[in-house]
Amino acid sequence: KKWLIAGKAVKAALRVATKRKLSEAMGKGAGSSRAMVMAGGSGGGGGVVGGSAPAWVAEKLDSIERTLAVLSKSGVGREASSATTSYQDPRDVLLLPPVNNQLEEKSDVSTIEHIRLEFAANILRIVGMEGSVVVKIASNLPRSNYKNNAFRNSYLYDGGTGTIWLHHERFAATGDLTLALVHALSHIKVNPTDLSSDESVAFTSEFFRNLRLVTSELASGGGGGG
């Protein structure tokens, strides 16, 4: 819709500018032929005398306006706007998929990562998903189709095995691990087949509910360490 408004504004501005030029030309005592040229009408059908834009320009703007109207009704503009304005976690932006775009399990798991895997298992227990989901560490993740997901590069869910593959960078700090994992679990609880759209009311409600559970448990000292 905003592109339609912009197109109409350009069209109106062009007409105003043409009228101004015509007025200036006439005020300086220019002949009628010069005034006609300024208005786009030189006798060859290029425009209309009286302040209108040259015919070909008006036709082009009308064509653009019609095209934008079709795009607006189809929702293309809204989809593009949504895709470009959705929030993405700053760390997530840096987690680019590998050249081969393949999932790679991390083989050399460190001691601290083992401890944080146990911590992740506690989070599963707190939100009631222990036994139905397992967490594994990936050294690289392929590109996901999680549109409008703030952690689209941080995790990948395999519904067939019930595995959440978390990028190893998320194990660098307990806070990062907690946030990304609770985010993933909330999407899975709402719709395990589609982890897109953080703007969903159902997801937002589930995410904050799970955050409340986890933070309350951690504050009481029952969530493990790491």
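The model shown is predicted, which means the values in this text are computed figures rather than measured ones.

1. What to know about the packing of helix α6 (residues 111–126) against helix α8 (residues 201–219)
Reasoning step 1: The interhelical angle for the contact between α6 and α8, taken along N-to-C directions, is 120°, at an axis separation of 9 Å. On the basis of the axis angle, α6 is oblique to α8. Like other packed secondary-structure pairs, α6 and α8 cross with a definite hand, here right-handed. On α8, the residues that touch F119, I123, R125 and I126 of α6 are L213, V214, E217 and L218.
Reasoning step 2: By residue class, the composition of the contact of α6 with α8 is six nonpolar, no polar and two charged.

2. Brief notes about the pattern of salt bridges
Reasoning step 1: Enumeration according to the criterion identifies eight salt bridges in this entry.
Reasoning step 2: With its nearest N and O atoms 3.5 Å apart, the salt bridge here joins E217 to R125. Taken together, the positions of E217 in helix α8 and R125 in helix α6 put the pair 92 residues apart, joining distant regions of the chain.
Reasoning step 3: What makes R125 partly exposed here is its relative accessible area of 36%.
Reasoning step 4: Note that E206 is salt-bridged to K189, the shortest N-O span being 3.1 Å. Of this pair, E206 sits in helix α8 while K189 sits in helix α7 (residues 174–190); the two residues are 17 residues apart in sequence, bridging distant segments of the chain.
Reasoning step 5: Salt bridges sharing partners connect three or more residues here, namely D89, R91, R170 and D176.

3. Looking at the packing of α6 against α7
Reasoning step 1: With their axes 11 Å apart at the nearest point, α6 and α7 run at an angle of 40° to one another. Regarding the angle of α6 to α7, the classification is oblique. Between α6 and α7 lies a crossing of right-handed hand. Along the contact surface, α6 presents R116, F119, A120, I123 and L124, while α7 presents T174, L177, T178, L181, V182 and L185.

4. Considering the confidence of the model for the protein
Reasoning step 1: Mean pLDDT over the protein works out to 79, with 61% of the residues at or above the 70 mark.
Reasoning step 2: Below pLDDT 50 for its whole length, residues 79–84 participates in four contacts with residues either more than four positions away or in separate chains.

5. Focus on the nonpolar core
Reasoning step 1: Formed by 34 residues in total, the largest nonpolar core has its most connected members in I123, V135, Y155, I164, L166, L181 and L185.
Reasoning step 2: Where this core is concerned, the elements lending two or more residues are α6, β2 (134–140), β3 (155–158), β4 (163–167), α7 and α8.
Reasoning step 3: Broken down by element, the residue count for this core peaks at seven residues, all from α7.

6. Looking at the sheet that holds β3
Reasoning step 1: Pairing within the open sheet is mixed, and its four strands lie in the order β1-β2-β4-β3. Edge positions in the open sheet fall to β1 (104–105) and β3, since each of these has one partner strand only.
Reasoning step 2: Its contacts with the sheet put α7 on β2, β3 and β4, and the angle it makes with β4 is roughly 150°.

7. Some thoughts on the side chain of R116
Reasoning step 1: Take R116: it is sitting in helix α6.
Reasoning step 2: Salt bridges are absent for the buried R116, whose nearest opposite-charge side chain, E113, sits at 7.8 Å.
Reasoning step 3: A polar contact of 3.0 Å, which involves the side chain of R116, links it to the backbone oxygen of A172.

8. Section: α6
Reasoning step 1: With 16 residues, α6 should reach 22 Å at 1.5 Å per residue; the first-to-last C-alpha distance of 23 Å fits that figure.
Reasoning step 2: Listed as buried for α6 are E113, R116, F119, A120, I123, L124 and I126. Down the axis of α6, the buried side of the element spans an arc of 155°, and every buried residue falls inside it. Opposite the buried face of α6, at more than 90 degrees from it, the exposed residues are T111 and E118.
Reasoning step 3: Residues of α6 that are buried in the fold lie against β2, α7 and α8.
Reasoning step 4: In the stretch just after α6, G128 is the one whose phi turns positive, near 80°.

9. Quick look at the packing of aromatic side chains
Reasoning step 1: Under the defined criterion, the tally for this structure stands at three aromatic pairs.
Reasoning step 2: With centroids separated by 5.6 Å and ring planes inclined at 15°, the aromatic side chains of F203 and F207 adopt a geometry described as stacked. Taken together, the residues F203 and F207, both in helix α8 and four residues apart, mark about one turn of the helix.
Reasoning step 3: With a relative accessible area of 12%, F207 lands in the buried category.
Reasoning step 4: Relative to F208, the ring of F207 lies with its centre 5.6 Å away and its plane at 55°, an arrangement referred to as tilted.
Reasoning step 5: Relative accessible area serves as the criterion here: at 48%, F208 is assigned to the partly exposed category.

So, how was this worked out
- Residues numbered from 1 in each chain as written.
- Predicted model: local features only at pLDDT ≥ 70, side-chain atom pairs only at ≥ 80, totals over all residues.
- Heavy atoms only, no water.
- Axes fitted to C-alpha atoms, helices over the stretch in contact; angles between N-to-C directions.
- Helix = DSSP H or I, 4+ residues; strand = E, 2+ residues; numbered from the N terminus.
- Parallel < 35°, antiparallel > 145°, perpendicular 65-115°, else oblique.
- Left-handed = near helix turned anticlockwise from the far one by under 90°.
- Contact = heavy atoms within 4.5 Å.
- Nonpolar A, V, L, I, M, F, W, Y, C, P; charged D, E, K, R; others polar.
- Salt bridge = Lys/Arg side-chain N within 4 Å of Asp/Glu carboxyl O.
- Buried < 20%, exposed > 50% of the residue type's maximum accessible area, 1.4 Å probe, protein only.
- pLDDT = per-residue confidence, 0-100.
- Core = buried A, V, L, I, M, F, W, Y, C linked by side-chain atoms within 4.5 Å.
- Pairing = 2+ DSSP bridges.
- Lys, Arg positive; Asp, Glu negative; His and termini not counted.
- Polar contact = N/O pair within 3.5 Å; in protein donor to acceptor, adjacent residues only side chain to side chain.
- Expected span 1.5 Å × (residues − 1).
- Arc of directions from axis to C-beta.
- Phe/Tyr/Trp six-rings, centres within 6.5 Å; stacked < 30°, edge-to-face > 60°.

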